[in-house]
Structures are given as structure tokens and as C-alpha cells.
Amino acid sequence: MSEEKKINIEEEEEVVNNEETQEAAEEQKTTEATEEQETSETPEEPELSELEQLKDKYLRAVAEFDNYRKRTIKEKAELILNGSERAVQAVLPIIDDMERAIENSEKTDDPQVLKEGMELIYQKFQKVLEGLGVKKIDTEDKDFDVDYHEAIAMVPGMGDDKKGKVLDCVQTGYMLNDKVIRHAKVAVGQ
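(A) Expanded view of the overall build of the chain. For the chain, the count of helices and strands is three helices and six strands. Secondary structure elements of the chain occur, N-terminal to C-terminal, as α-α-α-β-β-β-β-β-β. Across the 190 residues in the chain, those meeting the buried criterion constitute 12%. Within the chain, contacts between residues at least 6 apart in sequence are counted, and of these 60% link residues at least 24 apart.

Written as C-alpha cells, this is what we have:
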């Protein structure tokens, strides 16, 4: 019986050891699960606040861009409506001069005086245009250039020295700040 008791005691010890091992394993799993929950909960809170911060930054950037877009649209509309104000203000004195010339033309019959008055007004107008950045396109003795000239006539038989040259300007061309606003209409030698 002592052997049976030994076997029973050993079996009981094995069962107890197995139960203790299982309990220890379960305890360890529970502890690990709890630690995982604590670990996973801790980073999730900062991730949420980080996500909220990024969302806030995004919304602010979108709002700022929208305000910028609206502001530039408003500025462009104002420029379109009032952009010619400077040009009109510069031309108004010339209109005044023209009105005075018309009034005075009724008082005099001398064509030379009228011509001089018109030339003065024309020169004043040219100065105003230059002040606004408008320049004439020079065509005299120039090579034909499609960037500045528009050929309306080709004149044959002018000789090799006149070939591809501007012979006559039918309508003056103008540039505004180095941009062609009207091409010069010219006759070109062929």
C-alpha cells in the first residue's frame, strides 16, 4: 500500500502541478491581456488627439485657402472694373483741350491756327500714352517681323535690297509694356 499511496500522491501532485501550471498560464494570459489593453488604450488616446489635431489643421488650411480665393476673386473684379481708371484720368485733359479747340475753331477761320492746335493736342496725347506705357512700333526701314507686323500687301520688283523689308506702314502698331496690342499693317517688298 505504500506503493499505491506513493503513486496516488505522485498522481495528485501531477494533477496539482498541472492545475497550478494551468492557473499560472491563465493568470499570465490575463495579465498580458490586461497589459495589452492598457498599452493599446494609452496610444489610442494620443492617436485620437493627434488625429483631431491633423483634422483641425486641415480644416484651418482649407478655410484659409477659401478666404484667399475669395479675396483674389474680389481683387480681380475690382481691377477689371477700375483698372482703366488711370488711363481715363490721363486722357481727360486731352478731351478738355479738344473741347476748347472746337469752341475756338468757330471764332477763327485761319486753317493754320487750327492745324497748330491739333498738332499740340496730338503731341500731348502721345506723351500721355507714353506715360501709360504705350509705344509705337517702329516700321521705317525695318525687316518684316511677324511678331510686330502684319503684311497686308506684297510689292514685287523692288530689288534684292528691299526684299523682306517694310516698304510702307498703312496703319501704325502699338505696344503696351512690351506686349503688342495692335500689329502694324505694312506693305512688304518681295
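Having seen the structure, we can now continue with the description.
(B) Region of interest: unusual backbone geometry. The backbone of asparagine 177 sits at a positive phi, close to 50°, despite the residue not being glycine. Within the fold, asparagine 177 resides in the loop between β4 (174-176) and β5 (179-182). Positive phi, close to 65°, is recorded for aspartate 178, a residue that is not glycine. Relative accessible area serves as the criterion here: at 63%, aspartate 178 is assigned to the exposed category.

(C) How the structure looks around the sheet that holds β5. The strand order across the open sheet built from three strands is β1-β4-β5, with neighbouring strands paired in antiparallel fashion. With one partner strand each, in any of the chains shown, β1 (134-136) and β5 form the two edges of the open sheet. Each adjacent strand pair in this sheet contributes to an overall mean axis angle of 35°, direction not counted.

(D) Focus on the pairing of strand β6 (residues 184-189). By the criterion of burial, β6 is predominantly enclosed, with five of the six residues buried. Relative to β6, strand β2 (residues 149-155) runs parallel, the two sharing six bridges. Residue pairing for β6: histidine 149 is matched across the bridge by alanine 184. As defined by bridge partners, strand β3 (residues 166-171) adjoins β6 across four bridges and the pair is classed as antiparallel. What sits directly across from aspartate 168, in β6, is alanine 187.

Cut-offs and rules
Residues numbered from 1 in each chain as written. Predicted model: local features only at pLDDT ≥ 70, side-chain atom pairs only at ≥ 80, totals over all residues. Heavy atoms only, no water. Helix = DSSP H or I, 4+ residues; strand = E, 2+ residues; numbered from the N terminus. Buried < 20%, exposed > 50% of the residue type's maximum accessible area, 1.4 Å probe, protein only. Contact = heavy atoms within 4.5 Å. Pairing = 2+ DSSP bridges. Axes fitted to C-alpha atoms, helices over the stretch in contact; angles between N-to-C directions.

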